[in-house]
Every structure is written in structure tokens, then in C-alpha cells.
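# A look at the structure
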Amino acid sequence: MTGSALPGPDGRLRCPWGLSTEDYTAYHDEEWGRPVHGDDALFERLCLEAFQSGLSWITILRRREGFRRAFAGFDIAAVARFGEPDRERLLADEGIIRNRAKVDATLANARLLADWSPGELDELIWSYAPDPEARPAPRTLADVPAATDESKALAKALKKRGIRFVGPTTAYALMQACGLVDDHLTDCAARGGR
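Everything numeric in this text was worked out from a predicted model, so none of it was measured.

## Section: the overall build of the protein
- Helices and strands together make up the secondary structure of the protein, namely 10 helices and 2 strands.
- N-terminal to C-terminal, the α/β element order of the protein is β-β-α-α-α-α-α-α-α-α-α-α.
- The C-alpha radius of gyration computed for the protein amounts to 17 Å, which stays within 12% of the reference 16 Å derived for 194 residues, consistent with globular compactness.
- Across the 194 residues of the protein, 47% fall into the buried class.
- Relative to all contacts within the protein whose residues are 6 or more apart in sequence, the contacts with residues 24 or more apart total 66%.
- Just so you have it, the protein exposes about 9,400 Å², and 52% of that area is on carbon and sulfur atoms.

This is the structure in C-alpha cells:
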């Protein structure tokens with residue numbers, strides 16, 4: 001069946017995308033779909049998903065350490081203090097995606113989030129996690145949606161609070177990456193945190 005989990009060189013069944021590069025295999029096996037908590041950790045994922053918009057995830061994944069260096073480890077308080085010299089530095093940094101709108105959104109979002117209560121971003125994002133029993137496990141890649149009612153509601157809630165550069169598709173990618181949903185295929189060895 002097209003899009004079903006496939007065996008890797010080690011014989012372990014994985015979602016097909018997790019076999020395309022070693023970077024993807026490690027990300028698929030160790031991180032994607034695992035629960036992520038903490039405001040700074042979720043800020044990182046939110047930023048990276050926004051930077052990914054219009055690009056392939058592998059582009060972001062391979063520059064992740066560059067993003068972490070450029071954005072002070074995605075420490076919200078530190079990024080919120082970035083000024084114009086930092087913005088110019090970011091726009092010249094070849095280790096990241098130098099998209100003006102995405103850089104500006106990241107800085108604006110950090111400034112906004114710095115005024116939130118500790119745990120508030122975590123609580124808001126996780127409040128949109130759907131009931132895992134409400135949706136069957138995807139059998140093939142065709143069963144994995146690009147957006148859901150929950151991701152539309154999350155994007156709307158984030159935008160209402162002033163967060164920039166997040167739409168329903170970006171919100172759903174965040175939900176997948178951070179374990180709010182488990183979109184590993186039914187027969188994938190990583191499903192359910194295995």
C-alpha cells in the first residue's frame with residue numbers, strides 16, 4: 001500500500017519520509033511526535049515551523065543549530081531583548097533562513113511572549129490537543145491531514161493573542177512535531193513513543 005510504513009536498513013518499520021535522509025531518520029525516531037513542554041521549547045518549535053513555511057523541513061532541520069545560535073537558544077526573554085543590531089545580524093546570518101518577515105515575526109512574538117505568565121504558552125498550545133481516541137491512527141500518508149479543526153482553532157487563538165506567522169497548516173505541523181497528535185503510521189515502530 002503506497003505510503004505505508006517501510007523497513008529501514010535496520011529492518012525497523014518507519015513512516016516513509018523518515019527514511020529519506022539520516023537527518024530525517026534521527027528526527028523521526030527520536031523527536032517527531034514526542035511530547036514537548038516548556039515555553040522556550042515550544043517557542044523554538046513554533047519559530048522553526050514558521051521558518052519552514054514554503055520550504056522543505058530538511059532545510060530547517062539542517063540549519064537548526066544555526067537557528068539556536070542565532071536566536072539565543074530560543075530563550076524567549078533573551079530574544080525579546082534583541083534590538084535593531086540583532087535584527088541586522090540575523091538578516092545577514094547564512095546559518096539561518098534570512099527571510100525578513102519571518103525574522104521580524106520571531107522577534108515580535110518573543111517580545112509578546114515575554115509578557116505572558118510562565119507556562120502560559122505551554123498551557124495554551126496543549127489545550128488544543130485533541131482526544132487521541134477521537135481519530136484513528138493513519139494507515140498511509142494519505143490519511144495524514146495538512147490541517148484539522150483543532151489546528152485551525154489553535155492558529156486562531158494564537159493570532160488573537162498577537163502571535164504572528166502561524167496559520168492552520170503551521171499550527172498542525174507544530175502539533176505533530178510536539179506530540180499533541182501522533183501521526184506516525186499505524187505500523188510505524190515509533191508510533192505511541194515506541
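## Looking at the environment of Gly18
- Considering the arrangement of structural elements, one finds Gly18 in the loop between strand E2 (13–14) and helix H1 (22–30).
- The buried category is assigned to Gly18, whose relative accessible area is 0%.
- Spatially, the C-alpha atoms of Gly18 and Gly8 are 8.8 Å apart, while their sequence positions differ by 10 residues.
- Those residues in contact with Gly18, other than ones at most four positions away along the chain, are Tyr24, Thr25 and His28.

## Quick look at the packing of helix H2 (residues 39–52) against helix H7 (residues 100–113)
- It is the contact of H2 with H7, at a shortest axis distance of 10 Å, that shows an interaxial angle of 160 degrees. In this view, H2 runs roughly antiparallel relative to H7, as classed from their interaxial angle. Considering the relative orientation of H2 and H7, their crossing is right-handed. Counting all contacts with H2, which are made through Phe43, Cys47, Ala50, Phe51 and Gln52, the residues of H7 involved are Lys102, Val103, Thr106, Asn109, Ala110 and Leu113.
- Tallied by class, the residues present in the contact of H2 with H7 amount to 7 nonpolar, 3 polar and 1 charged.

## Let's talk about empty space enclosed by the protein
- This structure, assessed with the given rule, holds 2 cavities of 30 Å³ or more.
- Considering only enclosed or pocket space, the largest cavity measures out at about 40 Å³ in volume.
- Considering the residues around the largest cavity, the lining is formed by Phe43, Leu46, Cys47, Ala50, Thr106, Asn109, Arg164 and Phe165.
- Ranked by the residues each element gives to the lining of the largest cavity, the list is headed by H2, at 4 residues.
- What lines the second largest cavity is Tyr27, Glu31, Arg45, Glu49, Trp57, Arg64 and Ala177.
- For the lining of the second largest cavity, a count of residues per class yields 3 nonpolar, no polar and 4 charged.

## A few points about helix H10 (residues 168–177)
- Across the 10 residues of H10, 8 count as buried, placing the element largely inside the fold.
- Residues of H10 that are buried: Thr170, Ala171, Tyr172, Ala173, Leu174, Met175, Gln176 and Ala177.
- Check the buried side of H10 and you find it contacts H1, H2, helix H8 (120–126) and helix H9 (149–160).
- Just downstream of H10, Gly179 is the residue with a positive phi angle, here 80 degrees.

## Quick word on the nonpolar core
- Within the largest apolar cluster, 48 residues are counted, with the highest numbers of intra-cluster contacts made by Phe43, Phe67, Phe71, Leu90, Leu121 and Leu158.
- Per-element accounting of this core gives the leading share, 6 residues, to H2.
- Each residue touching Leu121, except ones within four places of it in the same chain, is listed here: Asp39, Leu42, Phe43, Leu113, Trp116 and Leu158.
- Judged by nonpolar contacts, the second largest core, of 5 residues, contains Ala5, Cys15, Leu185 and Cys188.

Calculation criteria
Residues numbered from 1 in each chain as written. Predicted model: local features only at pLDDT ≥ 70, side-chain atom pairs only at ≥ 80, totals over all residues. Heavy atoms only, no water. Helix = DSSP H or I, 4+ residues; strand = E, 2+ residues; numbered from the N terminus. Rg over C-alpha atoms; globule rule 2.2 N^0.38 Å. Buried < 20%, exposed > 50% of the residue type's maximum accessible area, 1.4 Å probe, protein only. Contact = heavy atoms within 4.5 Å. Areas by Shrake-Rupley, 256 points an atom, 1.4 Å probe, with all protein chains shown as cover. Axes fitted to C-alpha atoms, helices over the stretch in contact; angles between N-to-C directions. Parallel < 35°, antiparallel > 145°, perpendicular 65-115°, else oblique. Left-handed = near helix turned anticlockwise from the far one by under 90°. Nonpolar A, V, L, I, M, F, W, Y, C, P; charged D, E, K, R; others polar. 1 Å grid on protein atoms, 1.4 Å probe; cavity = no way out; pocket = protein on both sides within 12 Å on 5 of 7 lines; lining within 4 Å. Points joined across faces, edges and corners; volume = space filled by probe spheres on them. Core = buried A, V, L, I, M, F, W, Y, C linked by side-chain atoms within 4.5 Å.

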